[in-house]
Amino acid sequence: MGQEDKRITDVGVPNYEDYLPPIIKDNYGKWLYHEVIKPGVLLHVAESGDKLYSVRVGSPRLLSTDTIRDFANLAEKYCGGFLRFTTRNNIEFLLTDENNIDLLTKEINEMGFPVGGIDNTIGNVIHTQGWLHCHTSASDASGVVKAIMDELYDYFVNPLLPAKIRMAFACCINMCGSVATSDIALVAVHRKLPEINDEKLRNLCEIPTVVASCPVHAIRVVKRDDKTSVEIDKKLCFYCGNCYTVCPAMPLSDKNYDGLAIFVGGKISNTRTKPTFAKLAVPFLHNNPPRWPEVVDAVKTIVKAYKNGAQKGERVGEWIDRIGWPRFFEITGFEFTKYHIDDFRLSEATLNYSNHSTL
Amino acid sequence: MGKHKTPQLDELKKGKWPSFVREIERAASKSERTVDLLGQLEKSYEDGITLWKHGGMVGVRGYGSGVVGRFSDVPEEFPGVQEYHTARVLSVPGFFYTSDTLRKLADICDKYAGGIFNFHGSTGDIQILGFTQAEAEDLFQSLAKIGFDLGGSGSALRSPSACVGQARCEWACYDTMHACREITNYFLDEVHRPPFYYKFKIKFSGCPIDCTSSGARSDLSVIGVWKDNIKIDQEKIAEYANTFDIIKYVVNKCPSKCISFKEGKFTINDKFCVKCMHCIATMPRALKPGDVKGAQLRLGAKAPVVDGPRLGFLLLPFYDINKDKEDGYSYFTDLVQRIWDFWDEHGKNRERIGELVQRFGIGNFMEEIGIEPHPAVVSYPRTNPYIKFDNQIDKEE
């Protein structure tokens, strides 16, 4: 390595044909139907009559090299050396022999991983990096998700719900991943004004960029000690951290002010109703590591209310649309506050311009 | 291990759900620097804040993208994570792998990094965690030798991703994995060498169920659809009728009320069908998308930064991506180039395309990139009379 003429760049996207199991190559574009044959196992039937069994495995996404090697061994033992991941970070083993499903499931369970996440379950939870590996995080991601899924494990392995629940966690409002359209979306938030470090600001940041970064124009240029800096209008700032993203001299993390908000009723699929963002249920809960009991309780409250109240096939948002938001807050016991009434862009469209109301 | 006491993280080794702490520990048993990752994370749990420093440029020569720098804020205490960077690696479309390749990736991750991955990052890259700037070049070249390249970061085309598509789904209306690979490779320069005001994302879903969540997070969302009649197998319908109430769970749930089920006959008035997928997904043996298949393009989805979250709006209700595949996706790449040229001409720093077109006017934007106005782009037409007629502009000119 290091020799200039041998340096390889721009190889691009790998050719997936090198990674497809024979049954998939043979039936590419020629699948007939699919259905769930047992919790965590999909059957795909091809026009040729070929049958493919996909065993879906829950994952914390963060995986050690040795766990990857263990999965590689299982893929060789049961699937001709092929496996895939899903868009929600599950691992999927692709079997052609139905008899191997239980043997494989047993080995996966012995490794400490669950099979499930299909059909009317809480699917694998999408999440971000959190304190583990992100500089803007207002919470840990893996820890909160672990705490929630330890309590709701049965909902991953068995289809106990009226319809699926897609849950996701973002460790700041940057929202890496598709958090905002989840049935239950947890979003970590800061609540403290950025602390301006004048010295750092002058050395590290472009002041016009900092001023322009604010979505509510709360940042102005000022002179302090005869030198240029910025000030923040505390009446306008809502702690989004955009200024911090462009300028490291304005940190806003704080143990007592950071925490989580919970949104509900989002949906990405077009089935029945249009895709929609999740709406605010709980404006703020403090970080309480390592198990975030208040967050876990709030999520369990939502899941329980949904399970008891929704009709078969209704997603969380469809259920709330039917019963109305006043009933949702009544059933869950969450307090409806002024924070629930939108005051950002498009907020006008969220008001109830009618007399329709459950009383 | 045992170098740092981690009582809070130890608590998260308990319980039924697979523990990320166990994964880090497993990596740390081979990687000294990852021992310090555990130590720093425990300190974050105590202090209630992140301990990663803001900023720091890291990368490989010739690329402005693909490596995300992570420097510890407390390197004296945890020297192993003074530098603990992330490589974003373009994944295989559909996320298919062989055991052989996974082992090679694991060997590279052990040799040059902290022995830990994200499979996958939110955007769909394989993420290798925990290397230093000094190791970046060797890591990169080792990946390149086994056919893997870095993905997008910063103001670049972020690594596009695809649902499993025709590889394993009968609902896929186009070849998502093929489109993803060809189009990414066509725009590879924009992935590696950030040319934009801010990020640009493209995602490929094979049907309106949208398993890649493209409609909520990609600036350009490509979603498969059909425009002829849903195919019906009446015999299979009869079998379903024996197992559940088709009127209650299919007919009454149809958003456009275009289905009837009378005297055992299931009919759809396809003229009014909005392709929501509910009936097909409920009775997969009996119903299938039609034969005239293509894709819809939605534009402008994004997360909250800067001006609030947006879903993608329906820019183009039908486009024959299957024919375009035969032409090397030239219609698609030309259209993307027109969108980027427009962004280049009118955008601002850190302004996503969805924010720009709202500021500029969707109608004006469509005119500039050469897409005819159509009623499916709106939920309903304008309700106010504040119309800026073109002729007024013409007169002044």
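Basis of the calculations
- Residues numbered from 1 in each chain as written.
- Chains lettered and ligands numbered in written order.
- Predicted model: local features only at pLDDT ≥ 70, side-chain atom pairs only at ≥ 80, totals over all residues.
- Heavy atoms only, no water.
- Helix = DSSP H or I, 4+ residues; strand = E, 2+ residues; numbered from the N terminus.
- Lys, Arg positive; Asp, Glu negative; His and termini not counted.
- Charge placed at Lys NZ, Arg CZ, Asp CG, Glu CD.
- Buried < 20%, exposed > 50% of the residue type's maximum accessible area, 1.4 Å probe, protein only.
- Contact = heavy atoms within 4.5 Å.
- Areas by Shrake-Rupley, 256 points an atom, 1.4 Å probe, with all protein chains shown as cover.
- Phe/Tyr/Trp six-rings, centres within 6.5 Å; stacked < 30°, edge-to-face > 60°.
- Lys NZ or Arg CZ within 6 Å of the ring centre and 35° of its normal.
- Pairing = 2+ DSSP bridges.
- Domains from an automatic or database assignment.
- Buried area = accessible area lost by both parts, 1.4 Å probe.
- Polar contact = N/O pair within 3.5 Å; in protein donor to acceptor, adjacent residues only side chain to side chain.
- Axes fitted to C-alpha atoms, helices over the stretch in contact; angles between N-to-C directions.
- Parallel < 35°, antiparallel > 145°, perpendicular 65-115°, else oblique.
- Left-handed = near helix turned anticlockwise from the far one by under 90°.
- Nonpolar A, V, L, I, M, F, W, Y, C, P; charged D, E, K, R; others polar.
- Salt bridge = Lys/Arg side-chain N within 4 Å of Asp/Glu carboxyl O.
- Patch = residues over 30% accessible without salt bridge, like charges linked within 9 Å, V, L, I, M, F, W, Y side chains within 5 Å.
- Disulfide = S-S within 2.5 Å.

## Points about the overall build of chain A
Within chain A one finds 11 helices and 13 strands. With respect to the three principal axes, the spread of C-alpha positions in chain A is 75 × 75 × 35 Å. Between the centroid of the 41 positive side chains of chain A and the centroid of its 44 negative side chains there is a distance of 4 Å.

## Some words on the overall build of chain B
Within chain B, the secondary structure is distributed over 16 helices and 14 strands. Over its C-alpha atoms, taken along the principal directions, chain B stretches across nearly 70 × 70 × 40 Å. Taking all 397 residues of chain B together, the buried fraction comes to 61%. In chain B, the proportion of contacts linking residues at least 24 apart, taken out of those at least 6 apart, comes to 64%. On chain B, roughly 16000 Å² of surface is accessible, and the fraction owed to carbon and sulfur atoms is 49%. Computing the positive centroid from 52 side-chain charges and the negative centroid from 54, chain B places the two 5 Å apart.

## Side note on the packing of aromatic side chains
Within this structure, the stated rule accounts for 39 aromatic pairs over all chains. Centroid distance Y19(A) to F148(B): 6.3 Å. Interplanar angle 65°. Geometry classified as edge-to-face. Taken together, the residues span two chains, with Y19(A) in the segment before α1 (22-26) and F148(B) in the loop between α5 (133-145) and β6 (161-162). Residue classification places F148(B) among the buried residues on the basis of a relative accessible area of 0%. Taking the centre distance of 6.3 Å and the plane angle of 50° together, the rings of F196(B) and F200(B) count as tilted. Taken together through their ring pairs, the aromatic side chains of Y306(A), W319(A), W325(A), F328(A), F329(A), F334(A) and F336(A) make up a single cluster. A cation sits over an aromatic face here: R191(A) above F284(A), 3.5 Å from the ring centre.

## Considerations on the pairing of strand β1 (residues 31-38) of chain A
Residue and element names in this part refer to chain A. In the sheet, β1 pairs with strand β2 (residues 41-46) via six bridges, with the strands oriented antiparallel. Bridging from a neighbouring strand, E35 pairs with L43 of β2. Hairpin geometry of β1 and β2 is characterised by an intervening segment of two residues between the two adjacent antiparallel strands and by a positive phi of about 80° at G40.

## Notes on the domain arrangement of chain B
All names here are of chain B. As far as domains go, chain B holds domain 1 (7-145), domain 2 (161-226 + 292-369) and domain 3 (231-288). Spacing between the C-alpha centres of domain 2 and domain 3 amounts to 31 Å. Every contact between the two is made by seven residues of domain 2 and, on the other side, five residues of domain 3. For the pair domain 2 and domain 3, the summed buried surface comes to about 660 Å²; carbon and sulfur atoms form 80% of the total. Contact with domain 3 buries surface across domain 2, with W171, P208 and W226 losing the most and accounting together for 73% of the total.

## What about the side chain of S64(A)?
Residue placement: S64(A) occurs in strand β4 (residues 62-64). Residue S64(A) is classed as buried on the basis of its relative accessible area of 0%. Within polar-contact distance, the side chain of S64(A) engages the side chain of T67(A) at 3.0 Å. Non-local contacts of S64(A), meaning those with residues more than four positions away in its chain, are made with E23(B), R26(B), A27(B), G115(B) and I116(B).

## A closer look at the sheet that holds strand β5 (residues 82-85) of chain A
The sheet built from six strands is open, its strands ordered β1(A)-β2(A)-β3(A)-β6(A)-β5(A)-β3(B) with antiparallel pairing. The two strands at the open ends of the sheet, each matched to only one other strand, are β1 of chain A together with β3 (96-98) of chain B. Ignoring which end each strand starts from, the neighbouring axes of this sheet average 30° apart. Helix α2 (residues 65-79) of chain A contacts β5 and β6 (91-95) of chain A of the sheet and is inclined by roughly 15° relative to β6(A). Across the face of the sheet, helix α3 (residues 100-110) of chain A comes into contact with β1, β2, β3 (51-57) and β6 of chain A while running at roughly 15° to β3(A).

## Looking at the packing of α2(A) against α3(A)
Residues and elements named next belong to chain A. Interhelical geometry of α2 versus α3 gives an angle of 165° and a closest axis separation of 11 Å. By the angle between their directions, the pair α2 and α3 is classed as roughly antiparallel. α3 is crossed by α2, and the crossing has right-handed handedness. Every residue of α3 that contacts α2 at L74, K77 and Y78 is listed here: N100, L103, L104, E107 and I108. By residue class, the composition of the contact of α2 with α3 is five nonpolar, one polar and two charged.

## A few points about the packing of helix α4 (residues 142-151) of chain A against helix α9 (residues 293-309) of chain A
All names here are of chain A. At a minimum axis separation of 10 Å, α4 and α9 run at an interaxial angle of 50°. What the angle tells us is that α4 and α9 run oblique. Handedness of the crossing formed by α4 with α9: right-handed. Facing V144, A147, I148 and E151 of α4, the residues of α9 in contact are V295, V296, V299 and K300. Residue composition of the contact of α4 with α9, by class: six nonpolar, no polar and two charged.

## Structural notes on the pattern of salt bridges
Under the defined criterion, the tally for this structure stands at 45 salt bridges over all chains. For E92(A), the salt bridge identified is with R168(B), shortest N-O distance 2.6 Å. Residue E92(A) is located in strand β6, and its partner R168(B) is located in the loop between β6 and α6 (176-186); the two belong to separate chains. Of the two residues, E92(A) and R168(B), both sit in the buried class. Through salt bridges with shared partners, one network takes in D66(A), R69(A), K30(B), D107(B) and D110(B).

## Points about the interface of chain B and chain A
Of the residues lining the interface, 120 residues belong to chain B; the matching set on chain A comes to 115 residues. Buried area between chain B and chain A, summed over both chains or domains, comes out near 10800 Å², and the portion from carbon and sulfur atoms is 57%. Between chain B and chain A we count 11 salt bridges in total. K30(B) is paired through a salt bridge with D66(A); the nearest N and O atoms lie 2.7 Å apart.

## As for a negative patch on the surface
Residues and elements named next belong to chain B. Taken together, the side chains of D341, D344, E345, E367, E368, E372 and D390 define an acidic patch exposed on the protein surface. The set of elements that each furnish at least two residues to the negative patch consists of α13 (330-346) and α15 (362-369). In terms of residue count, α13 provides more of the negative patch than any other element does, three residues in total. Among the structural elements, E367 can be located in helix α15.

## Focus: the state of the cysteines
Overall, the coordinates contain one disulfide over all chains when judged by the stated rule. Here C205(A) is linked by a disulfide to C247(A), with a sulfur-sulfur distance of 2.1 Å. Residues C205(A) and C247(A) are joined by a disulfide whose S-S torsion is about 80°; by sign, that bridge is right-handed. With a gap of 42 residues between them, C205(A) in the loop between α6 (198-204) and α7 (207-213) and C247(A) in the loop between α8 (242-246) and β12 (259-264) connect regions that are remote in the sequence. You'll find C205(A) and C247(A) in the same group, each marked buried. C176(A) carries a free sulfur, and the closest cysteine sulfur to it, the one in C172(A), is 6.5 Å from it. Note on C279(B): no disulfide assigned, nearest cysteine sulfur contributed by C273(B) at a separation of 6.4 Å.

## Examining the side chain of T332(A)
All names here are of chain A. Relative to the assigned elements, T332 resides in helix α11 (residues 325-332). Among the residues examined, T332 registers a relative accessible area of 10% and is labelled buried. Reaching out from T332, the side chain makes a polar contact with the backbone oxygen of F328 at a distance of 2.8 Å. If we skip the residues at most four places from it in the chain, T332 touches T301 and A305.

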